[in-house]
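# Structure at a glance
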Amino acid sequence: MDRARQAVFGGGSSQEEYEPLTGEEDGAALEGSAVLENQDEIPFSWIEYCIFGFLGVAMLWAWNMFLAAAPYFASRFSSNAWIQTNFQSGILTVSTITNLSVLIILSNVQYSASYPYRINLALIINIVIFVLLTASTALFLDASPTAYFAFLLTMVAFSSWATGLIQNGAFAFAASYGRPEYMQALMAGQGVAGVLPAVAQVSTVLLFPPREPSSPSNSHGDDKPSQRGESSAFLYFLAAVTISITALIALNPLFRRHNRRIENKLVHHMAESMNSIEEAERAARKVTSLWVLFRKLRWLAIGVAVTFAVTMFFPVFTAKIHSVREDAGAIFRPTAFIPLGFVFWNLGDLGGRIATMLPFSLQHRPFVLFLLAVVRAALLPLYLLCNVNGRGAVVSSDFFYLFVVQVVFGFTNGWLGSSFMMASGQWVDEGEREATGGFMGLFLVIGLTTGSLLSFTVSGI
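Criteria and cut-off values
Residues numbered from 1 in each chain as written. Predicted model: local features only at pLDDT ≥ 70, side-chain atom pairs only at ≥ 80, totals over all residues. Heavy atoms only, no water. pLDDT = per-residue confidence, 0-100. Helix = DSSP H or I, 4+ residues; strand = E, 2+ residues; numbered from the N terminus. Contact = heavy atoms within 4.5 Å. Core = buried A, V, L, I, M, F, W, Y, C linked by side-chain atoms within 4.5 Å. Buried < 20%, exposed > 50% of the residue type's maximum accessible area, 1.4 Å probe, protein only. Salt bridge = Lys/Arg side-chain N within 4 Å of Asp/Glu carboxyl O. Axes fitted to C-alpha atoms, helices over the stretch in contact; angles between N-to-C directions. Parallel < 35°, antiparallel > 145°, perpendicular 65-115°, else oblique. Left-handed = near helix turned anticlockwise from the far one by under 90°. Nonpolar A, V, L, I, M, F, W, Y, C, P; charged D, E, K, R; others polar.

### Quick word on the confidence of the model for the chain
Summing up the model confidence of the chain, the mean pLDDT is 80 and the portion of residues at 70 or higher is 80%. Looking across the chain, the model is least confident in helix H2 (residues 25–31), with a mean pLDDT of 41, and most confident in helix H14 (residues 366–375), with 96. Per-residue pLDDT stays below 50 along residues 7–39; that stretch engages in 53 contacts with residues further than four places along the chain or on separate chains. Low pLDDT (under 50) marks residues 212–222, which in the prediction has two contacts with non-local residues, meaning those over four places away or in another chain.

Right, here's the structure in full:
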């Protein structure tokens, strides 16, 4: 990480940053393993960094489009009260179960894995899925809620399959470079994918505010809410198609450069026994069981799971907290203020992910990072001091809610999550890096799934 930090902030290299602590046996045992020196270090490239960043955007963009289109889905299910009430839980259940199942399977398939193929396949699946969803906003609008719900869950299942492929492939591919900067680029890209849809949602509400029901005599010539919802959903789904196609094109130079590196190794080290890039990659790859990786990375793996499990409580609170000044203007009304809360959280999250490039780092102290992830749960009660469901706030301040609660909670998520992911490649052998990337991605999703289930305990506040 030193070269990127020097490019941005200046200063000298600090080789001792990743050396064992003070030589004390207790400290070494607590951390669980020794930091390993990089072999055949790949030079840092800002072009590659930007491509990994865009790949991070593509990883989460599809899921964010499902969230942004929730009002449109609600309008499609308006004639079926049960589906309208439960479709979000259905989407969440299908998504998390599919995603986790795919990651468990992929994490155990290491030797024959082609991570670029997994990434490309995921992007192609997302393109097909969101082309179909885009078409569904204009075709078969008279389909029954039950039929559309079955269609939607099928799309969610395939998209979650693609998400599992791209998470496993992208984290493993980035880890194979042995450069924490590229893992940080993926995490920062995910942060951007959280900010932009939330900003778009707030802007849409402010530019096209929901209209009060009007009499038939005044409604002629006005756009129907359902038509506006179809237009918004069309744009959301089309944006997902565009992002996936752009990522597919942008990744080609990265994959070509990767193949050239493998070819160079093939020529210099394995020419007499290897006949293809795939054989060279597999020869350099060390198949490692998940248990062995867990023993080496236990604090990092559990820490990233705890971080994202705690994070999954924030959507429940954010969806219920109102401004303390609802009559002060359109931005303070729930239709705009609630998505504004998501904007501030995502801005904090993005800031935390970017902040991992600062000289200060705890990546050489996994157990300390783990303790910080656990202590972070103490931030959750701060939400109860805000205006939950309009019942009144203990701290009557929108500034407190947006800048203290949301930004701080988001920042700690971004900083801790990125730190765990970036540190993981430094505690394993070079041949284990790809497996490590997929392994950490698996624990990240385990945290998301656990947090999603636990969040139902506060859904009735």
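Here the narrative resumes, following the displayed structure.
### A few points about the nonpolar core
Of all hydrophobic cores here, the largest spans 89 residues; its most connected members are Phe 52, Phe 73, Ile 119, Phe 130 and Leu 186. It is helix H7 (residues 145–176) that contributes the most residues to this core, 14 residues altogether. Val 316, Val 343, Phe 400 and Phe 409 belong to the second largest nonpolar core, which has 23 residues in total.

### Focus: the pattern of salt bridges
Within this structure, the stated rule accounts for five salt bridges. For the salt bridge of Asp 429 with Lys 296, the shortest nitrogen-to-oxygen distance reads 3.7 Å. Taken as a pair, Asp 429 in the loop between helix H15 (398–424) and helix H16 (433–454) and Lys 296 in helix H11 (residues 290–311) lie far apart in primary sequence, 133 residues in all. Judged by relative accessible area, which is 22%, Lys 296 ranks as partly exposed.

### Some details on the packing of helix H3 (residues 46–68) against helix H8 (residues 180–207)
As a packed pair, H3 and H8 sit with axes 6 Å apart at the nearest point and diverge in direction by 40°. Here H3 lies oblique to H8, going by the angle between them. Judged by the sense of rotation from one axis to the other, the crossing of H3 with H8 is right-handed. Mapping the contact onto sequence places Glu 48, Tyr 49, Phe 52, Gly 53, Leu 55, Gly 56, Val 57, Met 59, Leu 60, Trp 61, Asn 64 and Met 65 in H3 and Glu 181, Tyr 182, Gln 184, Ala 185, Leu 186, Gly 189, Gln 190, Val 192, Ala 193, Gly 194, Leu 196 and Pro 197 in H8. Classifying every residue of the contact of H3 with H8 by side-chain character gives 15 nonpolar, seven polar and two charged.

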